[in-house]
Each structure stands twice: as C-alpha cells, then as structure tokens.
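Chain by chain, the residues:
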Amino acid sequence: MKKRKIVSGILLPFAALLLVILLGSSMVVTRQDEYKIIREFGKIVKIVNTAGLSFKVPFIQSTQSLPKNVQLYDLPISDVITKDKKTMVCDSFVLWRITDVQKFVRSLNGQVGNAESRINTIVYNSIKNVISSMAQADVISGRDGELSEAIQRNIGATPEQYGIELTAVETKHLDLPDANKTAVYERMISERNNIAAQYEAEGNSEAKKIKTDTDTSIEVKVSEAEAQAEKIIAEGESEYMKILSKAYNSKDKADFYTFVRSLDAAKATMTGDNKTLILSKDSPITQIFTTIE
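Residues numbered from 1 in each chain as written. Predicted model: local features only at pLDDT ≥ 70, side-chain atom pairs only at ≥ 80, totals over all residues. Heavy atoms only, no water.

Named according to an unreviewed UniProt entry, the protein chain is Protein HflC originating from Acetivibrio ethanolgignens. Per its UniProt entry, the protein chain bears the Sequence similarities (unreviewed entry) comment "Belongs to the band 7/mec-2 family. HflC subfamily." Word for word, the UniProt comment on the protein chain under Function (unreviewed entry) is "HflC and HflK could regulate a protease." (UniProt positions renumbered as here; feature names shortened; annotations may be inferred.)

Next up, the structure:
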C-alpha cells in the first residue's frame, strides 16, 4: 500500500503536467489582426479568420500566423525613364493585404517575404510602363493623384492570383537626378514664361480688338444721334416757321410783328446809361418805323 501511494504520488503530478502540456499544445489563440492556419502533415485543414480560442490536435497539427491587417511595403528607390527620354528617381510604397489565404499559401508558400518580392516586381513594372508613356512635364504635374491612379490601373487584377490586394500605390518621392535637376527646372521655367508671354500677347490683342470695336460702335451711335438731333432741330425750325406763317398771315399782323421786331432791334442797340436813340433818315431801323401806318 505504501509503495502504491508513492507511485501514485509520483504519477499524479506527472499526469497533471502532461495534461497541461497537451491542453496547451491543443489550444490555438487567434488575434484580431491575424489569420491562423492549422496544418496537418503540411496540408491545410483549417483557416481561422475570427479572433478567439480554437483547438487543434497536439503534436500532429501545427499552426501558422498570417497578417490580416493592411501591410506596408516600401519599394527600393529606382530610376525610371520618361517618354521624352528623361531620367527620374522614383521612391514608392504600397499598402496591401491578404484577401484569400488559400491562394496566398498555394502560390506564395504562405510567406510574407515572397509576397513582397512579387509586389516589388509588379509595382515596379507598372511604374516603369506608366512613366515611360508620359512626358516628364506630365509626370511632374500628375503627382497629385493622377499618376498613382494610372499605376494602379496598369496593375489591374494581377495581385488577385496571389490572394492579395493592393489598396494603394503611392510615390513618396519622384524627382530628377541631382546632376540635371537645375537645368531641367530652368528649362521648365523658360517654357512656362514663353507660354505666359503668348497668353499675354493673345490677351492684349483681344483687348485691342474689343476696344476698337467698342470705339467704332460708339462713333456710329454718336453720329446717328447727331444726325437724329439735326433732323429734329430742322423739323422744329420748320414747324416754327409754319406757326409764324400762320400767326402773321395778314398785313396787320405782319406789320405788328415787324413793329415789335423793330423795337427789339432798337432796344438791343441801346447800351450803357445813355438811352437816347438817334437814327438817320436812311437807317434801316428808321425805315421800319416810318413805313408802318
């Protein structure tokens, strides 16, 4: 009995320890930002894509973790050549994530390093193809997003065959080599100045044309207005003469009109303080007064 107790006292802790080891080896803890792959003799038997606790067969099945969240891959700096044979220095990065674990494991052996190697090749070739189809000036002006969109369109659905998705391709730095940067910038400034001078000349020409057309239009309108005014004045004078003719169409009225006009003429000749009017017999004014009966 004593011997059995001793054996039980030894085996019981050992069995408990073995049970703890077996339990620990069978537990699979999956975090929120990862996939857990359970393999049995190298073959995938289960993919856990939700966070929590799951189980596997200890010692027979193994686990592998793959990132579930978006990954950053920084491409090596490289030279690219534009359509007009200008060299540019390109420094880019890619945001990517695993979308199909089965494809990722089958095509890339489940290795993030292999995925980054394929991404490097795909993205670099796309950058090279896109930039080689654009002039240098267009590449520089397209750095506000148009270039990245063109690169991603060129990539297309190629990453899907590896079970990955490229969520963004961005250029951190896209510039000229230091050796010819100054000369290129000076040439670009000169070209922009020439374009600005052309626009200014076209604007001045258009302004001169508008001014000439406006001046001509004003002269025509003024001329028409003056002609119209002269016509109205002439019509007024004609009407005035008609009214006078009707008003003095008898000898008495005509003599009275002549008399009043004579008085007005005499009054106009008297200036200063001396109001005496002396006329000779042959004066036209004397003749007017002497002829009135």
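On we go.
Undergrad: Is there a simple way to explain the pattern of salt bridges in this structure?
TA: Any two side chains of opposite charge can pair, given that their charged atoms come close. For the structure shown, the criterion picks out seven salt bridges. Notably, a salt bridge pairs Arg31 with Glu34, separated by 3.6 Å at the nearest N-O pair. In this structure, the salt-bridge partner of Glu34 is Lys36, at a minimum N-O distance of 2.8 Å. Note on Lys36: relative accessible area 9%, which makes it buried. Residues joined in a network through salt bridges with shared partners are Arg31, Asp33, Glu34 and Lys36. (Salt bridge = Lys/Arg side-chain N within 4 Å of Asp/Glu carboxyl O. Buried < 20%, exposed > 50% of the residue type's maximum accessible area, 1.4 Å probe, protein only.)

Undergrad: Please clarify how helix H5 (residues 146-155) should be interpreted in this entry.
TA: Buried within H5 we find Leu147, Ser148, Ala150, Ile151 and Ile155. Seen along its axis, H5 keeps its buried residues to an arc of 160 degrees; they face one direction. In H5, those exposed residues whose orientation departs by more than 90 degrees from the buried face are Glu146 and Arg153. Residues of H5 that are buried in the fold lie against helix H3 (112-132), helix H4 (136-141) and strand S9 (164-175). (Helix = DSSP H or I, 4+ residues; strand = E, 2+ residues; numbered from the N terminus. Arc of directions from axis to C-beta. Contact = heavy atoms within 4.5 Å.)

Undergrad: Hey, could you run me through the packing of H3 against H5 in this one?
TA: Pairs of packed helices are described in terms of their axes, by the angle between the two and the distance that separates them. Direction vectors running N to C along H3 and H5 enclose 120 degrees, while the axes themselves pass 9 Å from each other. By the criterion of interaxial angle, the relationship of H3 to H5 is oblique. Crossing hand, H3 versus H5: right-handed. Of the residues in H5, those in contact with Ile122, Val123, Ser126, Ile127, Asn129, Val130 and Ile131 of H3 are Leu147, Ala150, Ile151, Asn154 and Ile155. (Axes fitted to C-alpha atoms, helices over the stretch in contact; angles between N-to-C directions. Parallel < 35°, antiparallel > 145°, perpendicular 65-115°, else oblique. Left-handed = near helix turned anticlockwise from the far one by under 90°.)

Undergrad: Please clarify how the environment of Ile140 should be interpreted in this entry.
TA: Residue placement: Ile140 occurs in helix H4. Residues Ile140 and Leu176 lie 36 residues apart in sequence; the distance between their C-alpha atoms is 9.7 Å. Residues contacting Ile140, with those up to four places away along its chain left out, are Met88 and Met188.

Undergrad: It is not clear to me how the sheet that holds strand S5 (residues 61-67) should be interpreted in this structure. Could you clarify?
TA: One key point about sheets: their strands pair by backbone hydrogen bonds, in either a parallel or an antiparallel sense. Pairing in this open sheet of three strands is antiparallel, and the strands run S3-S2-S5 from one edge to the other. Only two strands of the sheet have a single partner each, and these edge strands are strand S3 (43-48) and S5. Here the strands of the sheet are splayed against their neighbours by 25 degrees on average, with no regard to which way each runs. Inspection of the sheet shows strand S2 (residues 34-40) paired to S3 by five bridges, in the antiparallel sense. Across the sheet, the residue bridging to Ile38 is Lys46, located in S3. (Pairing = 2+ DSSP bridges.)

Undergrad: Whenever I open this one, helix H2 (residues 101-108) confuses me. Can you help?
TA: Structurally, the α-helix is built with 3.6 residues per turn, so residues lying three or four positions apart point the same way. When we look at burial in H2, the residues that qualify are Val101, Phe104, Val105 and Leu108. Considered in projection along H2, the buried side chains sweep an arc of 105 degrees and stay on one side of the axis. In this structure, the buried residues of H2 make contact with S2, S3, S5, strand S8 (87-98), H3 and S9. Asn109 lies just past H2 and shows a positive phi near 60 degrees.

Undergrad: Quick question: what am I supposed to make of unusual backbone geometry here?
TA: A negative phi angle characterises most non-glycine residues, just as the trans form characterises most peptide bonds. In this structure, Lys85 is a non-glycine residue whose phi angle is positive, near 65 degrees. Position of Lys85 among the secondary structure elements: in the loop between strand S7 (78-81) and S8. With a relative accessible area of 68%, Lys85 lands in the exposed category. Despite not being glycine, Asn109 has its phi angle at roughly 60 degrees, a positive value. Of the residues examined, Asn109 reaches a relative accessible area of 51% and is grouped as exposed.

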